[in-house]
There are 2 protein chains.
Amino acid sequence: MNLKNYLIKNLNFSEDTELPFKIYTIEFKKNQIITDFGDIERRGYFINSGIIENSIVKDGILKIIDFVFPGNFICSYTSYLLQVPSEIQTISLTDSKLEYFFREELEIALSNSIIANKIERHVSEILFLAKINRENEFLLLSAEERYKKLIKERPEIIREIPINKIAKYLGIHPESLSRIRKNIIS
Amino acid sequence: MNLKNYLIKNLNFSEDTELPFKIYTIEFKKNQIITDFGDIERRGYFINSGIIENSIVKDGILKIIDFVFPGNFICSYTSYLLQVPSEIQTISLTDSKLEYFFREELEIALSNSIIANKIERHVSEILFLAKINRENEFLLLSAEERYKKLIKERPEIIREIPINKIAKYLGIHPESLSRIRKNIIS
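Just so it is clear, the model here is predicted, and its values are computed rather than measured.

Student: Which residues make up the sheet that holds strand 1 (residues 24–28) of chain A, and what values go with them?
Tutor: Residue and element names in this part refer to chain A. Taken in spatial order, the four strands line up as 1-8-3-6 in an open sheet, and their pairing is antiparallel. The two strands at the open ends of the sheet, each matched to only one other strand, are strand 1 and strand 6 (73–74). As defined by bridge partners, strand 3 (residues 43–49) adjoins strand 6 across two bridges and the pair is classed as antiparallel. Along strand 6, the bridge assignment pairs F46 with F73. Against the sheet, helix 1 (residues 3–11) engages strand 3, strand 6 and strand 8 (96–102), with an angle of about 95 degrees to strand 3.

The structure is reproduced here in structure tokens:
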């Protein structure tokens, strides 16, 4: 899905609604870094195809905080909002195609365009809900329940994402994930 | 701080900026429920005084997900955005005074007012950043580090909030918190 169709579907925009800021496209190769630790995020992306990974480093160990799929927005959002160095890294787990806009171009539009404000508000709300969703999963579900939910919602994940990355995302050891997978199969 | 001063300070509003929706005030007694599990959130609040607690229930056990202090916005935000039954409970931990607006009155203003959009966008961003902050604390800090951070940023918490609630917030047993406190004092 491209951004225009997304906005028509989710914000009741019409085919003729003109965006008050420019949309660019970019392609990334598998494992290519989109935004690195320490970068200042100046773009907001919308995923047309591919899977993006958000990760963070604790005690020298990389922790995966999100896999993000086509039809969703992505950026290092705290860095984007506050223009501080990014604490997360976003990389393209697969070959991917993204649309994006520049923060400074959106900011100009925000000062006088209701459409720009509606989009920015929507994105902010969507990212908040995704965050809450993940928090609730960690608070309320076991690793096995989270794995089942993940493969139910995103069956392609098994094909596309290495098992050790899925384990890192679930916050468990790869061996624990292997046990969970055996339990589910048997 | 009241909402008007907050907006002057944080969104560069002037004394004369008129809000395109009505602001009401309400007082809660200590331990009074503001929004209960299952409620549909129809209001957004701004805390003038007092401390508010957000909690969630897992396996019959109450988990505290946030303490929120004066000068901040609060509501069951997922319920507010999606108009679904609230998975969290917000209660007034102390006597409190809050300003609030009705979602449906803000929604009307959002369709044609840049000011309303700016406020809603700001609140959404602030709540997102608070959520990220808490996620990072859980990912990156130990319970002891989180406790130190909490009492440094909010020294009043020791006076105002029972120790068992602080332990629940940190996600540790009260005995573990007692040990941490002894370590810090000695």
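Student: Describe the side chain of A:R103, with residues and values.
Tutor: Residues and elements named next belong to chain A. When you line up the elements, R103 lands in helix 3 (residues 103–110). One buried charged residue, R103, forms no salt bridge at all, with the nearest opposite charge on E107 at 4.3 Å. Here L81 takes part through its backbone oxygen, which lies 3.3 Å from a polar atom of the side chain of R103.

Student: Please give an account of the packing of helix 5 (residues 143–153) of chain B against helix 7 (residues 163–170) of chain B that cites residues and values.
Tutor: Residue and element names in this part refer to chain B. Closest axis-to-axis distance for the helix 5/helix 7 pair is 10 Å, and the angle between their directions is 125 degrees. One way to sum up the angle between helix 5 and helix 7 is to call them oblique. As for how helix 5 packs across helix 7, the hand of that crossing is right-handed. Facing helix 5, whose interface residues are A143, R146, Y147 and L150, helix 7 presents I166, Y169 and L170. Among the residues making up the contact of helix 5 with helix 7, the classes are represented as six nonpolar, no polar and one charged.

Student: I'd like a description of the pairing of strand 5 (residues 61–68) of chain A, backed by residues and values.
Tutor: Residue and element names in this part refer to chain A. Pairing of strand 4 (residues 52–58) with strand 5 involves seven bridges; the strand directions are antiparallel. For K58, the partnering residue across the bridge sits in strand 5 and is I61. Between strand 4 and strand 5, which pair antiparallel and follow one another directly, the connecting turn spans two residues, one of which, D59, has a positive phi of 50 degrees.

Student: Account for the sheet that holds strand 2 (residues 32–35) of chain B, naming residues and giving values.
Tutor: Residue and element names in this part refer to chain B. What the four strands build is an open sheet, ordered 2-7-4-5; its pairing is antiparallel. Because the sheet does not close on itself, it has two edges, and the strands there are strand 2 and strand 5 (61–68). Across the sheet, the axes of successive neighbouring strands diverge by a mean angle of 35 degrees, strand direction being ignored. Lying over the sheet, helix 7 contacts strand 4 (52–58), strand 5 and strand 7 (89–92), oriented at roughly 95 degrees with respect to strand 5.

Student: Which residues make up the interface of chain B and chain A, and what values go with them?
Tutor: Contacts between the two partners involve 32 residues from chain B and, on the opposite side, 32 residues from chain A. The junction of chain B with chain A conceals about 3,000 Å² of combined surface from both sides, 64% of it contributed by carbon and sulfur atoms. Between the two partners, chain B and chain A, sit zero salt bridges. At the junction of chain B with chain A, the criterion picks out three residue pairs in polar contact (both at pLDDT 80 or more). When residues of the side of chain B that touches chain A are traced back to their parent elements, those giving at least two are strand 4, strand 5, helix 2 (77–82) and helix 4 (114–140) of chain B.

Student: With reference to specific residues and values, describe the environment of A:I185.
Tutor: Residues and elements named next belong to chain A. Within the element layout of this structure, I185 appears in helix 8 (residues 174–185). Assessed through its relative accessible area of 73%, I185 is described here as exposed. Separated by 90 residues in sequence, I185 and D95 place their C-alpha atoms 30 Å apart.

Student: Please provide a residue-by-residue account of the relation of the copies chain B and chain A, values included.
Tutor: Screw-axis analysis of chain B against chain A gives a translation of 0.0 Å along the axis, an RMSD of 0.0 Å, and a rotation angle of 180 degrees. When the rotation and shift are considered jointly, the pair of chain copies conforms to a two-fold rotation axis. The share of interface residues of chain B whose copies in chain A are also at the interface is 100%, consistent with both copies meeting through the same surface.

Student: Any chance you could break down the nonpolar core for me, citing the residues and the numbers?
Tutor: Among the nonpolar cores identified, the biggest contains 62 residues, and A:Y45 and B:Y45 are the most heavily contacted of them. Residue contacts for B:Y45: discarding those within four places in its chain leaves B:I26, B:F28, B:I34, B:T35, B:N72, B:F73, B:I74, B:C75, B:L98, B:E99 and B:Y100.

Student: Summarise the packing of helix 1 (residues 3–11) of chain B against helix 4 of chain B; cite the residues concerned and give the values.
Tutor: Residues and elements named next belong to chain B. Direction vectors running N to C along helix 1 and helix 4 enclose 85 degrees, while the axes themselves pass 12 Å from each other. Relative to helix 4, the element helix 1 is oriented roughly perpendicular. Residue-level inspection shows Y6, L7, N10 and L11 of helix 1 in contact with helix 4, the latter providing K118, I119, H122 and I126. Of the residues belonging to the contact of helix 1 with helix 4, the class tally is five nonpolar, two polar and one charged.

Here is what the cut-offs are and how they apply
Residues numbered from 1 in each chain as written. Chains lettered and ligands numbered in written order. Predicted model: local features only at pLDDT ≥ 70, side-chain atom pairs only at ≥ 80, totals over all residues. Heavy atoms only, no water. Pairing = 2+ DSSP bridges. Helix = DSSP H or I, 4+ residues; strand = E, 2+ residues; numbered from the N terminus. Contact = heavy atoms within 4.5 Å. Axes fitted to C-alpha atoms, helices over the stretch in contact; angles between N-to-C directions. Buried < 20%, exposed > 50% of the residue type's maximum accessible area, 1.4 Å probe, protein only. Lys, Arg positive; Asp, Glu negative; His and termini not counted. Salt bridge = Lys/Arg side-chain N within 4 Å of Asp/Glu carboxyl O. Polar contact = N/O pair within 3.5 Å; in protein donor to acceptor, adjacent residues only side chain to side chain. Parallel < 35°, antiparallel > 145°, perpendicular 65-115°, else oblique. Left-handed = near helix turned anticlockwise from the far one by under 90°. Nonpolar A, V, L, I, M, F, W, Y, C, P; charged D, E, K, R; others polar. Buried area = accessible area lost by both parts, 1.4 Å probe. Least-squares fit on C-alpha atoms with pLDDT ≥ 70 in both. Core = buried A, V, L, I, M, F, W, Y, C linked by side-chain atoms within 4.5 Å.

That's the geometry; what it means functionally is another story.
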